[in-house]
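What the coordinates show
In case you want the letters, here they are:
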Amino acid sequence: MMGSSFLRVEQAFERVLRRTPLRRIQMSLRGRAVSFGLKLEECGTARSVKSRTAVGLLSDLHRESPLVPGTVVVESTSGNLGLAMVHLLAGIGCGFLAVVDPKTPQATRRALLEQGARLVVVEEPDEQGGYLSRRLEAVRRILDEHPDYRWPNQYENPANPEAHRISTGPEITEQAGADLGAVYVPVSTGGTLAGIAAHLRAHRPDVRCVAVDVTGSVALGGAGGRRLISGIGAGRRSVFLRGDEYDHAVHVDDAEAIAVCRMVREDLGRTVGGSTGCVLRALLDDVTVGSVAGFPVCLAADGGTKYADTIFSDDWAREQGIHADIGAAVRRWRAAGLTFRVSG
Ligand SMILES: Cc1ncc(COP(=O)(O)O)c(C=O)c1O
């Protein structure tokens, strides 16, 4: 009996994983044309790269001790992992408690509640102005009160990078082919990058790995500070990344990344999330200095729909004091001839 229900859960998780497309985009900048790939994780099941992380983490939890109907899983999330987890857990009759913070988009909170998740919103920032340590304190408190709840711990569980070593990484190398020259990956826990990098180091050591973080995040080290983009960055160092997994690290300014998201929306009619603005901004720097060799691929971790009232809203940008900076960045890049168009 236990054997067949165990298998049913594994199969339910595996069915969720969907291959995502790699779109070829042409960028023009200062009279030069550069082709690159955008790996659209928005086309995955829960609309972000975190679908893969969720399958890896919950499968690991299930192997450790079976997830039976009624089990409650608790996790700290900025939103996307929560959406992926509630989808999987609802499918097998388990509950989900998401510990989120004020930066979690309202649309994400609504979607979590609609799918049956319970929410704990941590309101107080920590000393660095972030929320991660406060979210983790809340998870520990909840586990003290409910020792039967299960915690996958996306920040430390090796099943996180492993999910990307076996799925995201191989998809990228297969879809991009022999020309693949570089991969740009946004960093939060560092699991996505660590997994992709482990695949590349083993199978395509010639490919340059670029770690992309946002200014004010300490995921890759450095000083903490105010951050506005949800999904990317963290208030503590990644335990999965020690530095030798990637060739180059970049910190991107919020307003610069948002300017890129807005230009992509104008040119391609597609909204991408703020972390995709960050990786594209990192690519723009490399194109500017001529350090792009081969075909670069940018991981687009999620789409932009749920950010309509944040990064795509002028009112929000004014409230955050970055409206003028976004406008100035757009004008500067347009003056340099920057455009995007779908190629093939
Ligand atoms: C929307 C989104 N999802 C996923 C990731 C990757 O996160 P992690 O490093 O936790 O794997 C990022 C990282 O920036 C992101 O912005």
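Small disclaimer: the values here were computed from a predicted structure and weren't measured. (Residues numbered from 1 in each chain as written. Predicted model: local features only at pLDDT ≥ 70, side-chain atom pairs only at ≥ 80, totals over all residues. Heavy atoms only, no water.)

**Quick word on the sheet that holds strand β5 (residues 118-121)**
Spatial strand order, β3-β4-β5: 3 strands in an open sheet with parallel pairing. Of all the strands in the sheet, the pair left with one neighbour each is β3 (72-76) and β5. Looking at each pair of strands side by side, their axes are set apart by 15° on average, direction ignored. Sheet contacts for helix α4 (residues 106-114): β4 (95-100) and β5; angle to β5, the most-contacted strand, approximately 145°. Most of the contacts of helix α5 (residues 132-145) go to β3, to which it runs at about 160°, and overall it touches β3, β4 and β5. (Pairing = 2+ DSSP bridges. Helix = DSSP H or I, 4+ residues; strand = E, 2+ residues; numbered from the N terminus. Axes fitted to C-alpha atoms, helices over the stretch in contact; angles between N-to-C directions. Contact = heavy atoms within 4.5 Å.)

**What about the site of the ligand?**
Near the ligand there are 15 residues, and of these K50, S188, T189, T192 and S275 occur at the shortest range. Here an oxygen atom of the ligand sits 2.5 Å away from a polar atom, N or O, in the side chain of T192. Within the complex, 100% of the 390 Å² of free accessible area of the ligand lies under protein. Comparing atom positions with the cavity grids shows the ligand to sit within the largest cavity. Tallied by class, residues from the shell around the ligand come to 5 nonpolar, 8 polar and 2 charged. (Near = heavy atom within 4 Å. Polar contact = N/O pair within 3.5 Å; in protein donor to acceptor, adjacent residues only side chain to side chain. Areas by Shrake-Rupley, 256 points an atom, 1.4 Å probe, with all protein chains shown as cover. 1 Å grid on protein atoms, 1.4 Å probe; cavity = no way out; pocket = protein on both sides within 12 Å on 5 of 7 lines; lining within 4 Å. Sits in = over half its atoms within 2 Å of the grid points. Nonpolar A, V, L, I, M, F, W, Y, C, P; charged D, E, K, R; others polar.)

**A short note on the packing of aromatic side chains**
Under the criterion given, the structure shown has 1 aromatic pair. Look at F36 and F340: their rings are 6.3 Å apart centre to centre, the planes differ by 80°, and that puts the pair in the edge-to-face class. Of this pair, F36 sits in strand β2 (residues 32-40) while F340 sits in strand β10 (residues 339-342), and the two are 304 residues apart along the sequence. When its relative accessible area of 1% is taken as the criterion, F36 is described as buried. The ring of F295 has R24 sitting right over it, with the charged end atom 4.2 Å from the ring centre. (Phe/Tyr/Trp six-rings, centres within 6.5 Å; stacked < 30°, edge-to-face > 60°. Buried < 20%, exposed > 50% of the residue type's maximum accessible area, 1.4 Å probe, protein only. Lys NZ or Arg CZ within 6 Å of the ring centre and 35° of its normal.)

**Considering the pairing of β5**
Summarising the sheet, β4 and β5 pair through 4 bridges and their orientation is parallel. Bridge pairing links V100 to V121 in β5. As for the winding sense of the linkage, the β-α-β connection from β4 through α4 to β5 is right-handed. (Right-handed = clockwise from strand over helix to strand, strands pointing away.)

**Some remarks on the domain arrangement of the protein chain**
Split into domains, the protein chain comes out as domain 1 (2-48 + 161-342) and domain 2 (50-145). Computed over C-alpha atoms, the centres of domain 1 and domain 2 are 22 Å apart. Counting residues at the interface gives 36 residues for domain 1 and 28 residues for domain 2. Of the roughly 2,700 Å² buried between domain 1 and domain 2 on both sides combined, carbon and sulfur atoms contribute 59%. Where domain 1 packs against domain 2, one counts 2 salt bridges. E41 is the salt-bridge partner of R52, the closest N and O atoms lying 2.8 Å from each other. Counting across the domain 1 and domain 2 interface gives 10 residue pairs in polar contact (both at pLDDT 80 or more). Broken down by secondary-structure element, the contributors of at least two residues to the side of domain 1 that touches domain 2 are α1 (2-16) and α6 (159-176). Among the elements that make up the side of domain 1 that touches domain 2, the one with the highest residue count is α1 (7 residues). (Domains from an automatic or database assignment. Buried area = accessible area lost by both parts, 1.4 Å probe. Salt bridge = Lys/Arg side-chain N within 4 Å of Asp/Glu carboxyl O.)

**Observations regarding the layout of surface pockets**
Put simply, the largest pocket is a space of about 360 Å³. The wall of the largest pocket is formed by 29 residues, among which P102, K103, T104, L228 and W316 lie closest to the centre. At the level of secondary structure, the elements contributing two or more residues to the lining of the largest pocket comprise α4 and α10 (314-320). Taken together, the residues that form the lining of the largest pocket break down as 10 nonpolar, 13 polar and 6 charged. For the lining of the largest pocket, the domains that each give at least three residues are domain 1 (2-48 + 161-342) and domain 2 (50-145). (Points joined across faces, edges and corners; volume = space filled by probe spheres on them.)

**Points about the pairing of strand β9 (residues 295-300)**
Burial analysis of β9 places 6 of its 6 residues in the buried class, the great majority of the element. Burial along β9 is two-sided: the residues F295, V297 and L299 and P296, C298 and A300 are all buried. When β2 meets β9, the two strands line up parallel, connected through 4 bridges. Within β9, the position partnered with L38 by the bridge is C298. Inspection of the sheet shows strand β6 (residues 180-186) paired to β9 by 4 bridges, in the parallel sense. Counterpart to Y184 in the pairing with β9 is C298.

**Structural notes on empty space enclosed by the protein**
Applying the stated rule across the entire model yields 2 cavities of 30 Å³ or more. Here the largest cavity defines a volume of roughly 440 Å³. Lining of the largest cavity is provided by 36 residues; of these, S78, S188, G231, I232 and G233 occupy positions nearest its centre. Those elements that provide at least two residues to the lining of the largest cavity are α3 (80-91), α5 and α7 (191-203). Broken down by element, the lining of the largest cavity gets its largest block of residues, 3 residues, from α7. When residues are assigned to domains, the lining of the largest cavity turns out to be shared by domain 1 (2-48 + 161-342) and domain 2 (50-145), each giving three or more. What the second largest cavity holds in volume is close to 30 Å³. Every residue along the wall of the second largest cavity is listed here: L132, Y155, S188, T189, A234, R236, R237 and S238. Its residues assigned to classes, the lining of the second largest cavity shows 3 nonpolar, 3 polar and 2 charged.

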